[in-house]
Amino acid sequence: MYEERKNTVADKFVELFGGDKSDIRFFAAPGRVNLIGEHIDYCGGYVFPAALTLDNIVAVRKTNDRKLKMAATDLEGLFIADLDNIEDAKNLKWGNYQAGVAKELMDRGYELTGCEMLMDGIIPFGSGLSSSASIELVTAVALAGLAGDTEIAKPEKLIDFAVAGQGAEHNFCNVNCGIMDQFASAMGKKDHAILLNCSTLEYKYVPLQLGDYVLILANTKKKHKLGESKYNERRSEVEIGLKELNKFSGMNKENLCDYTEEDFNKYGADISDPIIRKRVEHVILENERVKKAVPVLESGDLESFGKILCAANDSIRYLYEVTGDELDAMWEEAQKIPGVLGSRMTGAGFGGCVLNIVKKSAADEFIAEVGKNYEARTGLHPEFYVCSIGDGAREI
Ligand code: GLA
């Protein structure tokens, strides 16, 4: 399935770096969609993402120096990070995710060598589908592979690469993200979603059997880059929330998601700041929703699953407040189409995509109608992708 794309990328690689194609290796890592469990990975909650077949692939070749020479098929220029002064790469215009991952791998004892890298991505940037996690994970498997690691396909390794990717976000990119995106990109499995306990990293694959339905992602085309500062703001709010609940309950839990709905009903009202109270309510109830939603999906009850997605959307919209006009307009337009069982914004929010469960026979009408009505309301021309669920990071 990759042959054509690999050929095209290899041609560009040789154009850019010279040499021939024989010693180029290829790696891939996907973006993800989160079915449910939003903004709770960093609270030790359960999340339920799946890897997409939309991915980043990278062509790489070892060099004899200590430089990462990085380029992308959709970007002008060459970006260089020096492995011996890796911190300097924080200032790169592009390539700091890769450099951040290189730093994390070196910290883990990998003896990295210089290399030439050409990235080719098909995940729309800023769409909330984890294009950055995909860059991190493809870089991790590629650099570890080039360093001679023959075990990059092992789950324990992939999970560690996910943690390395998260470390790159924290230490190189100032985004204090959770582990969900990197985990999904590392550990994705074709036609399965992953139920992940973000506090222990225990996970279980759940087959995605959708019968007469498809998952359609509706991209608002409102890029969510601006949201990053709000993202860190939400993280601080829930930290305050945890301290408050620990104080009022005397329970001293490590994670907000260690609290149950019953606990929230008992102690939630003691939280005096209404904003903090709303954030805490979302986190605790969203975690409970994930636990309910997964068996419902496993039993094939898509209708109930769809209703839970809508309840989750209300919560992220009104309690966690990370949607915004575009996501709200898209969600509202989707609900007007017969054949839609449920919808929910997916990812960090502030733009990006709404995920919809749509009857196969209504998919064309859905895309045409929602597209037209959304554009009329917002002036933005949306895009739609029928989800296909693929594998995690690997050599291809
Ligand atoms: C972003 C972060 C994830 C997660 C989601 C919201 O995608 O990278 O860790 O917090 O937002 O669920």
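Residues numbered from 1 in each chain as written. Predicted model: local features only at pLDDT ≥ 70, side-chain atom pairs only at ≥ 80, totals over all residues. Heavy atoms only, no water.

S.K.: Sorry if this is basic, but what is going on with the overall build of the protein chain here?
M.R.: In terms of regular secondary structure, the protein chain is built from 11 helices and 13 strands. Relative to the globule expectation of 21 Å for 396 residues, the C-alpha radius of gyration of the protein chain, 21 Å, shows essentially globular dimensions. Seen along its three principal axes, the alpha-carbon backbone of the protein chain occupies a region of about 65 × 50 × 40 Å. Sorting the 396 residues of the protein chain into buried and exposed places 59% on the buried side. Expressed as a percentage of contacts within the protein chain between residues at least 6 apart in sequence, the contacts between residues at least 24 apart total 71%. Counting every atom, the protein chain has about 16300 Å² of accessible surface; 48% of that belongs to carbon and sulfur. Each charge class in the protein chain was averaged separately, 46 positive and 63 negative side chains, and the resulting centres sit 1 Å apart. (Helix = DSSP H or I, 4+ residues; strand = E, 2+ residues; numbered from the N terminus. Rg over C-alpha atoms; globule rule 2.2 N^0.38 Å. Buried < 20%, exposed > 50% of the residue type's maximum accessible area, 1.4 Å probe, protein only. Contact = heavy atoms within 4.5 Å. Areas by Shrake-Rupley, 256 points an atom, 1.4 Å probe, with all protein chains shown as cover. Lys, Arg positive; Asp, Glu negative; His and termini not counted. Charge placed at Lys NZ, Arg CZ, Asp CG, Glu CD.)

S.K.: How should I be thinking about the site of the ligand in this particular structure?
M.R.: R32, E38, H39, D41, Y42, C177, G178, M180, D181, Y231, G347 and A348 make up every residue found near the ligand. Here an oxygen atom of the ligand sits 3.1 Å away from a polar atom, N or O, in the side chain of R32. In isolation the ligand has 310 Å² of accessible area, and contact with the protein removes 93% of it. For the shell around the ligand, the per-class residue count stands at 5 nonpolar, 3 polar and 4 charged. (Near = heavy atom within 4 Å. Polar contact = N/O pair within 3.5 Å; in protein donor to acceptor, adjacent residues only side chain to side chain. Nonpolar A, V, L, I, M, F, W, Y, C, P; charged D, E, K, R; others polar.)

S.K.: What's the story with unusual backbone geometry in this structure? I'm lost.
M.R.: With glycine set apart, most residues show a phi of negative sign, and most peptide bonds adopt trans. Unusually for a residue other than glycine, K221 sits at a positive phi of about 65°. Tracing the chain through its elements places K221 in the loop between β9 (213-219) and α6 (227-249). Of note in the backbone geometry, E321 takes a positive phi value of approximately 55° without being a glycine. With respect to the element layout, E321 can be found in the loop between α9 (302-319) and α10 (325-335). Take E321: its relative accessible area is 33%, and that puts it in the partly exposed class.

S.K.: How do you make sense of the side chain of E244 when you look at a structure like this?
M.R.: With respect to the helices, strands and loops of the structure, E244 is situated in helix α6. Ignoring any residue separated from it by four or fewer positions in sequence, one finds E244 in contact with I271 and S272.

S.K.: How do you make sense of the pattern of salt bridges when you look at a structure like this?
M.R.: Where charged atoms from two side chains of opposite charge approach closely, those side chains can pair. Throughout the structure, instances matching the rule amount to 36 salt bridges. Close ionic contact of K69 with D65 constitutes a salt bridge, the shortest N to O distance being 2.9 Å. Between K103 and D107 there is a salt bridge whose closest N-O contact spans 2.8 Å. Remark: D107 and K103 occur in helix α2 (residues 96-107); sequence separation between them is 4 residues, near one turn of the helix. (Salt bridge = Lys/Arg side-chain N within 4 Å of Asp/Glu carboxyl O.)

S.K.: How should the packing of helix α8 (residues 274-298) against α9 be read in this particular structure?
M.R.: Between two packed helices, what matters for the description is the angle formed by their axes and the separation of those axes. With their axes 10 Å apart at the nearest point, α8 and α9 run at an angle of 170° to one another. Taken together, the axes of α8 and α9 lie roughly antiparallel to each other. Of α9, the residues touching α8 (which contributes K278, R279, E281, H282, E286, R289, K292, A293, V296 and L297) are L302, S304, F305, I308, A311, A312, S315, I316, Y318 and L319. Broken down by class, the residue content of the contact of α8 with α9 amounts to 11 nonpolar, 3 polar and 6 charged. (Axes fitted to C-alpha atoms, helices over the stretch in contact; angles between N-to-C directions. Parallel < 35°, antiparallel > 145°, perpendicular 65-115°, else oblique.)

S.K.: Whenever I open this one, the nonpolar core confuses me. Can you help?
M.R.: Across soluble globular proteins, you tend to see nonpolar side chains buried next to one another. Counting 127 residues, the largest nonpolar core has L35, F48, F161, L217, L256, F305 and F366 as its most contacted members. Here L256 is in contact with C43, V238, G241, L242, L245, V280, V283 and I284, once residues within four sequence places are set aside. The next biggest cluster of nonpolar side chains, apart from the first, holds 12 residues, and it includes Y2, A10, I24 and A71. (Core = buried A, V, L, I, M, F, W, Y, C linked by side-chain atoms within 4.5 Å.)

S.K.: How do you make sense of the environment of G126 when you look at a structure like this?
M.R.: Relative to the elements of secondary structure, G126 occurs in the loop between β6 (115-121) and α3 (131-146). Residue classification places G126 among the buried positions, given a relative accessible area of 13%.

S.K.: Please clarify how the sheet that holds strand β5 (residues 79-82) should be interpreted in this entry.
M.R.: In any sheet, the strands associate via hydrogen bonds between backbone groups, in a parallel or an antiparallel arrangement. Read across the sheet, 6 strands follow the order β5-β4-β6-β3-β1-β13 without closing on themselves; strand pairing throughout is mixed. If you trace the sheet from one side to the other, it starts and ends with β5 and β13 (394-395), each paired once. Sheet contacts for α3: β1 (25-34), β3 (49-62), β4 (67-72), β6 and β13; angle to β1, the most-contacted strand, approximately 150°. Its contacts with the sheet place helix α5 (residues 180-187) against β1 and β3, and it is angled at close to 130° to β1. (Pairing = 2+ DSSP bridges.)

S.K.: Explain α2 here, please?
M.R.: Here α2 spans 16 Å end to end across 12 residues, near enough to the 16 Å set by a 1.5 Å rise per residue. Counted residue by residue, α2 has 9 buried out of 12 residues, so it is predominantly covered. In the core, the buried residues of α2 are packed alongside β4, β5, β6, α3 and α4 (155-172). G109, located one to two residues past α2, shows a positive phi value of around 100°. (Expected span 1.5 Å × (residues − 1).)

S.K.: Would you take a moment to explain the environment of S315 for this structure?
M.R.: By the secondary structure assignment, S315 is in helix α9. Residue S315 is classed as buried on the basis of its relative accessible area, which comes to 6%. For S315, the contacting residues outside a window of four places in its chain are H282, R289 and Y320. A distance of 2.6 Å separates a polar atom in the side chain of S315 from a polar atom in the side chain of H282.

S.K.: What should I look at first to understand the packing of aromatic side chains in this one?
M.R.: One pair of aromatic rings is described through two measures. These are the centre distance and the angle between the planes. Following the criterion strictly, the structure yields 7 aromatic pairs and no others. With centroids separated by 4.8 Å and ring planes inclined at 55°, the aromatic side chains of F13 and F17 adopt a geometry described as tilted. Taken as a pair, F13 and F17 lie in helix α1 (residues 3-17) at a separation of 4 residues, close to a single helical turn. Ring pairing ties together the aromatic residues F183, Y203 and Y205, which thus form one cluster. The residue whose ring lies beneath R234 is Y320, and the NZ or CZ to ring-centre distance is 5.9 Å. (Phe/Tyr/Trp six-rings, centres within 6.5 Å; stacked < 30°, edge-to-face > 60°. Lys NZ or Arg CZ within 6 Å of the ring centre and 35° of its normal.)

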